[in-house]
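Okay, here's what each chain looks like letter by letter:
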Amino acid sequence: IKYEIGGVAFSCDDMEHGVLRGNARSPGSILSLLGLGCLAGGTFKKTDPRADLAVEPVDPRIHFALVCGAKSCPPIRLYSAANLEEGLQGAAEAFCESEVEVDAPRGVVTLSRIFKWYGKDFAKDERSLLERISTEYDPKNEALREVLGKKGGGLKVRYAEYNWDVNSK
């Protein structure tokens, strides 16, 4: 399915990866799936006029607003220009509150696969990602702050299986 916007055709992938993710490659691209994502270019070629529409810098909270309809996806919300900032922040906090699990005694943090697939949109490495979640998206998660504050490492990040079943709620 493509949508014509301003006389130019966009697929949903074009909007997500090309525009909202700053012309990033899709984690679902063949090269990415084969572990060769570093060889894949952006969604749009440099000569494609749509490349000029790429959002920079990327706001990673979009991943809490974009919904594919699977059970592991964030819930559907309505956004407008007037409530966008508040809506994205609320979506990020609600998603992290329900999808970030911490086993503090074992030093294990389990995250949604969304953080694995789009990790570079959030932070440069896993520790920075956890720090960002702790300070910006899930500030009430004392167990996460406890695990991050432990000296000597031992922190382990796991990613939950993604439930692709259709969310009928």
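Quick note: structure is the one above.
Overview of the structure. (Residues numbered from 1 in each chain as written. Predicted model: local features only at pLDDT ≥ 70, side-chain atom pairs only at ≥ 80, totals over all residues. Heavy atoms only, no water.)

Applying the stated rule across the entire model yields 10 salt bridges. The residue Arg-106 makes a salt bridge to Asp-103 at a minimum N-O spacing of 3.1 Å. In this structure, Glu-136 engages Arg-132 in a salt bridge whose closest nitrogen and oxygen atoms are separated by 3.3 Å. Here Glu-136 pairs with Arg-132, and both are found in helix H6 (residues 126–137), just 4 residues apart, close to one helical turn. We classify Glu-136 as partly exposed; its relative accessible area is 37%. (Salt bridge = Lys/Arg side-chain N within 4 Å of Asp/Glu carboxyl O. Helix = DSSP H or I, 4+ residues; strand = E, 2+ residues; numbered from the N terminus. Buried < 20%, exposed > 50% of the residue type's maximum accessible area, 1.4 Å probe, protein only.)

Bringing the sheet that holds strand E4 (residues 108–111) into the picture now. Taking strand neighbours across the sheet as the criterion, the 3 strands line up as E3-E4-E5 in an open arrangement whose pairing is mixed. The sheet terminates laterally at strand E3 (101–103) and strand E5 (156–159), the two strands that pair on one side only. Sheet twist, expressed as the mean angle between neighbouring strand axes with direction ignored, is 20 degrees. Pairing of E4 with E5 involves 4 bridges; the strand directions are parallel. Residue pairing for E5: Val-109 is matched across the bridge by Val-157. (Pairing = 2+ DSSP bridges. Axes fitted to C-alpha atoms, helices over the stretch in contact; angles between N-to-C directions.)

This brings us to the layout of surface pockets. Taken as a whole, the largest pocket encloses approximately 490 Å³ of empty space. Along the walls of the largest pocket sit 22 residues, with Lys-116, Trp-117, Tyr-118, Gly-119 and Lys-120 positioned nearest its centre. At the level of elements, helix H4 (113–117), helix H5 (119–122) and H6 are the ones that each hand at least two residues to the lining of the largest pocket. Per-class residue counts for the lining of the largest pocket are 10 nonpolar, 4 polar and 8 charged. Roughly 430 Å³ of volume is contained in the second largest pocket. (1 Å grid on protein atoms, 1.4 Å probe; cavity = no way out; pocket = protein on both sides within 12 Å on 5 of 7 lines; lining within 4 Å. Points joined across faces, edges and corners; volume = space filled by probe spheres on them. Nonpolar A, V, L, I, M, F, W, Y, C, P; charged D, E, K, R; others polar.)

All right, on to the environment of Leu-20 then. Checked against the element boundaries, Leu-20 lands in helix H1 (residues 12–20). For the pair Leu-20 and Ile-62, spaced 42 residues apart in sequence, the C-alpha to C-alpha distance is 7.6 Å. When sequence neighbours within four positions are dropped, the list of residues in contact with Leu-20 reads Met-15, Val-55, Val-58, Ile-62 and Leu-66. (Contact = heavy atoms within 4.5 Å.)

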